[in-house]
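What the coordinates show
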Amino acid sequence: MDHVSTIEATKAIVTLDVAHSGIIWGWMITLNMWAKSIGTGVILVGAFLLYRHKHEEMPNLRWLMPLISFIALNVFLFFTLIDLHQPLRMIHIFTHPHWTSSITVGAWMATLFLVLVSIMMFTSFFTRFSDFRKDCAIAKAVRAKDGLYEKIFPFTVFLAFPVTMYTAIIMSQSAARELWVPGAELIQMLLAAFMVGSAALILIAEEWSESVKKELAMILALSVLFSFIMYMGEYFFSFKAAEVEATLAYVHSGGEYFTQFWAAMVLGYIIPFFIAMRMSDNRTMMKFAAVTAFIGLYLAKSTWLEIPQMIPLS
Amino acid sequence: MKLGFLVDLNLCMGCKGCEIACKVENEVPLSSWRLRVKYIDIGSFPDTSRSFTPLRCNHCENAPCERICPVSALHYLDNGIVNIDSERCIGCAGCMMACPYGAIYMDPESNTADKCTYCAHRIESGLMPACVVACPVEANIFGDVEDETSQISRYIMEHQGDIQVRKPEKHTDPKHYYVGGGNNTLNPQAHERIEGYGLFNNITKLDQIGSPNHSILDRFLDPIFGNHNDHLKNESFADMPNEAGVHHEEKGEH
């Protein structure tokens, strides 16, 4: 801001204070939320597809779904860990849990979810590649437990909902940041999971049946549409809360966040919606839409995470 | 017992004595603060006035920082103080996101969250908080708000109708009160804040979110091998070599 600009005579100004503390939760937390959406999203969308279609229509889904989820969840947990200023004390969450904190509840749920996904990943992987480590005792033992996959899958799907949404509760417990309204954030988290969950599966759906591919395109289109509507509602019509308006001014007034937000909307929501609606038969374009959805979601999450941290609190 | 603070803004003259006393008492590192006095100018020349607002942790009865802390590093003491256990803190910064008053900082030396504790260590020894002792005009009043004979309770009763807390709409139930405050002084949205510019013009902004010399790798290695950035620590003045003093002694001067 230009310091020689005119200030209204009625407006009080701060003439001496400490500097604003800046961004506290930055790109690592954005990456954390983004990766978690993929990790839970592939399970949710995969479960939906398995409920609606025969396994034979999606031959590689059984082992690739938990594998993608496993990788994404490890990215999520890795960035959660390294964002801590005392990462070795992460163990305190398990040894001294404070149950009113959604960070604690989320960490426990995410850990359990990762355990379940890991079991699914190892059993399906060794079953799919039956010649891999054929004589290894551990591999044999894991293959013998293949039936576990179907038994724990319903619990994993059930757990995927709170795991994907608990970050919204952390945001609502962040009482200082009024932009994060729990109702809206819960739904945005869920839609983000469906959005990048379907996008991730689109990338591996080469050999799947046409009806499954069309359904994936529909899930992507609807999730980006609903999410986009929510963002537009918040962006244009947040008149009621003064602090929310002040927060959104960091996007409305142009500059870095304005560019980032609209790039997110175009890449993550508008482009995937039109491609999924009009060109769902075109595999190359659908993969392009999936990639732009990944990029767009990251940028949208980054903007929404950082702008509430820009306003002075005291 | 419920300890509380009251600041009479009509008395505060912005000397920053409390701020310095707090820094020294608690060895608050550079670029961080537990208590600060904010200057706000109101009006246009020649009808201008300057107000001073000391800002510190509000020790809320319904503290969002305590609720969000995943390991109970932030906890209530029996006397109402919201205390912090830096040995337990994992440095997630959740409390910094939750505090509506921006009163918590990440200590760049310990890499844990820290804040005003109403000088809990002094209170335990029967002493007043350092800022109360330092205030030359007794604008800081501290005591048990549940004891109707205490100075703070009597002050509150004498100034009924002029007692304010910051952001009451957050339902945090702060135990930090102001007399003589107004929207301009207590509501951060009510005044213009031009970052980087103030009385001393173009203030250098220091990194407040942990130490810039404390990399991600250091976060893992320091607890095992110790902090190699010891030279950056905020040593007390008594421990620092006083070159001027040495020269004087060499010359036989006093």
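**What about the pattern of salt bridges?**
Side chains bearing opposite charge may pair, as long as their charged atoms lie close to each other. Residues and elements named next belong to chain B. For the structure on display, the rule yields 17 salt bridges over all chains. Put simply, D114 and R34 hold a salt bridge, and the shortest N to O gap is 3.0 Å. With D114 in strand β7 (residues 113-114) and R34 in the loop between α1 (17-26) and β2 (36-44), this residue pair connects regions lying 80 residues apart in the sequence. Just as D114 is buried, R34 falls in that class too. Each of K2, E61, D173 and K175 takes part in one network of salt bridges that share partners.

**Side note on the sheet that holds strand β10 (residues 176-179) of chain B**
Residues and elements named next belong to chain B. Spatially, β8-β1-β10-β9 is the arrangement adopted by the four strands of the open sheet, whose pairing is mixed. Edge strands, defined here as strands with exactly one partner in the open sheet, are β8 (140-144) and β9 (163-164). Two strands pair when backbone bridges link them, and strand β1 (residues 3-8) and β8 are joined in this way by five bridges, in the antiparallel orientation. Across the sheet, the residue bridging to G4 is G143, located in β8. Its contacts with the sheet put helix α6 (residues 151-158) on β1, β8, β9 and β10, and the angle it makes with β8 is roughly 115 degrees.

**Focus on the pairing of strand β3 (residues 47-55) of chain B**
Where β2(B) lies against β3(B), nine bridges are found, and the strand directions are antiparallel. Within the sheet, the bridge partner assigned to B:I40 lies in β3(B) and is B:S51.

**Quick notes on the sheet that holds β2(B)**
Reading across from one edge, β3(B)-β2(B)-β1(A)-β11(B) is the order of the four strands in this open sheet, with mixed pairing throughout. Of all the strands in the sheet, just β3 and β11 (191-192) of chain B have a single pairing partner and so form its edges.

**Considerations on the environment of A:P162**
Residue position: A:P162 is located in helix α6 (residues 148-173). Counting along the chain gives 57 residues from A:P162 to A:V105, while the straight-line C-alpha distance between them is 9.8 Å.

**A look at the nonpolar core**
In terms of nonpolar packing, the biggest core is built from 136 residues, with A:I43, A:L49, A:L201 and A:W208 touching the most fellow members. Not counting residues up to four positions away in its chain, the partners in contact with A:L201 are A:V42, A:V45, A:G46, A:L49, A:L61, A:W208 and A:L216. By size, the runner-up hydrophobic cluster in this structure holds six residues, among which are B:I141, B:I152, B:Y155 and B:Y177.

How each quantity is defined
Residues numbered from 1 in each chain as written. Chains lettered and ligands numbered in written order. Predicted model: local features only at pLDDT ≥ 70, side-chain atom pairs only at ≥ 80, totals over all residues. Heavy atoms only, no water. Salt bridge = Lys/Arg side-chain N within 4 Å of Asp/Glu carboxyl O. Helix = DSSP H or I, 4+ residues; strand = E, 2+ residues; numbered from the N terminus. Buried < 20%, exposed > 50% of the residue type's maximum accessible area, 1.4 Å probe, protein only. Pairing = 2+ DSSP bridges. Contact = heavy atoms within 4.5 Å. Axes fitted to C-alpha atoms, helices over the stretch in contact; angles between N-to-C directions. Core = buried A, V, L, I, M, F, W, Y, C linked by side-chain atoms within 4.5 Å.

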